[in-house]
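# An overview of the molecular structure
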Amino acid sequence: MGLSPKGVRLLLEGGRALGLDLEAHLSAFSRLYDLLMEANLRTNLTALRTEEEVVVKHFLDSLTLLTLPLFQGAWRVLDLGTGAGFPGLPLKIVRPELEVTLLDATKKKVAFVAHAVEALGLKGAYPLWGRAEELAHLPEHREAYHRVVARAVAPLCVLVELGLPFVALGGYMVAQKGPRVAEEVAPLPRALALLGGGLVTVHSLVLPVAQEERNLVVVPKEASTPARYPRRPGVPEKNPLC
């Protein structure tokens with residue numbers, strides 16, 4: 001079935017507004033849309049139900065990351081709390097040279113992502129099930145990623161503790177946030193001093209079609225994260241570092 005002519009138009013026009021030519025990726029996004037809609041009939045993967053919502057608030061919203069120059073190159077990327085595969089799957093479709101690990105703590109979501117990766121033939125995309133608080137202590141994941149991305153996962157004071165331990169020195173964590181970002185950024189310096197993060201920059205933009213404000217919060221990794229972080233599962237949320 002795939003995207004309707006209206007869905008295709010929204011995707012292409014929205015892509016152009018973000019500086020992206022998505023023409024070559026239409027079939028992949030159409031297939032991903034079908035996979036998502038089919039899976040959603042059996043299990044609640046996403047609250048977004050209409051074609052326009054999926055195109056704008058999953059596909060295009062994920063691709064706002066590509067307005068930054070940080071994703072040009074064969075970087076190792078961790079999508080922290082990927083859910084049904086966002087932003088990781090759209091990133092991998094449009095930037096196939098990226099190696100993308102898609103992490104989530106919910107098994108049914110990781111199962112869907114694995115199905116989508118196989119159906120789309122995405123090489124170098126790795127679904128991963130587990131808790132960030134545990135996986136970040138394993139040598140194969142500790143400070144092993146050039147970029148860590150997260151969309152609508154947790155408040156920034158929690159998110160930096162979950163994400164920065166995965167980021168290699170000299171790498172970046174990017175959190176996708178809505179309009180009310182200033183109050184989340186303000187207390188961050190205390191947590192970043194503990195976790196090895198540097199000076200935060202915030203890049204504001206408008207989500208195409210929806211005309212909603214989005215903010216990309218970029219956190220550089222400047223020092224190694226002490227071994228005690230992240231703390232055990234549940235603690236970062238209950239007792240944030242800032």
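Anything mentioned here points back to the structure above.
The structure reproduced in this document is the subject of the present report. Predicted model only: the values in this text are computed from it and were never measured. (Residues numbered from 1 in each chain as written. Predicted model: local features only at pLDDT ≥ 70, side-chain atom pairs only at ≥ 80, totals over all residues. Heavy atoms only, no water.)

## Things to note about helix H2 (residues 26–42)
Spacing of three or four residues puts side chains on the same side of an α-helix, whose turn is 3.6 residues. Taking 1.5 Å of rise per residue, the 17 residues of H2 would be expected to cover 24 Å, and the 25 Å separating its terminal C-alpha atoms lies within 8% of that figure. Among the 17 residues in H2, 12 count as buried, and that is most of the element. Of the surrounding secondary structure, the elements contacted by the buried residues of H2 are helix H1 (5–17), helix H3 (51–63), helix H4 (88–94) and helix H5 (107–120). (Helix = DSSP H or I, 4+ residues; strand = E, 2+ residues; numbered from the N terminus. Expected span 1.5 Å × (residues − 1). Buried < 20%, exposed > 50% of the residue type's maximum accessible area, 1.4 Å probe, protein only. Contact = heavy atoms within 4.5 Å.)

## Notes on the pairing of strand S6 (residues 201–207)
On any regular strand, side chains alternate: one points to one face of the sheet, the next to the other face. Strand direction decides the pairing type here: S6 and strand S7 (residues 212–220), joined by 7 bridges, are antiparallel. Each bridged residue has a counterpart across the sheet, and for histidine 203 the counterpart in S7 is leucine 216. Following S6, the chain reverses through 4 residues before pairing antiparallel with S7; valine 209 in that reversal takes a positive phi of roughly 70°. (Pairing = 2+ DSSP bridges.)

## Here we look at the side chain of lysine 177
Relative to the helices and strands, lysine 177 resides in strand S5 (residues 167–177). Looking at lysine 177, its side chain comes within polar contact range of the main-chain oxygen of alanine 154, at 2.7 Å. (Polar contact = N/O pair within 3.5 Å; in protein donor to acceptor, adjacent residues only side chain to side chain.)

## Let's talk about the pattern of salt bridges
Evaluation of the coordinates by the stated rule reveals 12 salt bridges. One salt bridge in this structure joins arginine 151 and aspartate 61, with 2.8 Å as the shortest N-O distance. Of this pair, arginine 151 sits in strand S4 (residues 145–151) while aspartate 61 sits in helix H3, placing them 90 residues apart in sequence. Judged on exposure class, the residue arginine 151 and its partner aspartate 61 are both buried. (Salt bridge = Lys/Arg side-chain N within 4 Å of Asp/Glu carboxyl O.)

## Focus: the nonpolar core
In this structure, Leu11, Phe59, Phe71, Phe112 and Val174 are the most contacted members of the largest nonpolar core, which totals 51 residues. When residues of this core are traced back to their parent elements, those giving at least two are H1, H2, H3, H4, strand S2 (99–104), H5, S6 and S7. It is H2 that contributes the most residues to this core, 9 residues altogether. In this structure, Leu78, Leu80, Leu135 and Ala150 belong to the second largest nonpolar core, which totals 34 residues. (Core = buried A, V, L, I, M, F, W, Y, C linked by side-chain atoms within 4.5 Å.)

## Digging into the state of the cysteines
Across all of its chains, the model carries 1 disulfide by this definition. Sulfur-sulfur distance for the disulfide between cysteine 157 and cysteine 242 comes to 1.8 Å. Measuring the twist about the S-S bond at about -115°, one finds the cysteine 157-cysteine 242 disulfide to be left-handed. Taken together, the positions of cysteine 157 in helix H7 (residues 156–163) and cysteine 242 in the segment after helix H10 (235–238) put the pair 85 residues apart, joining distant regions of the chain. Looking at cysteine 157, the relative accessible area reads 9%, which means it is buried. On the accessibility criterion, cysteine 242 (29% relative accessible area) is partly exposed. (Disulfide = S-S within 2.5 Å.)

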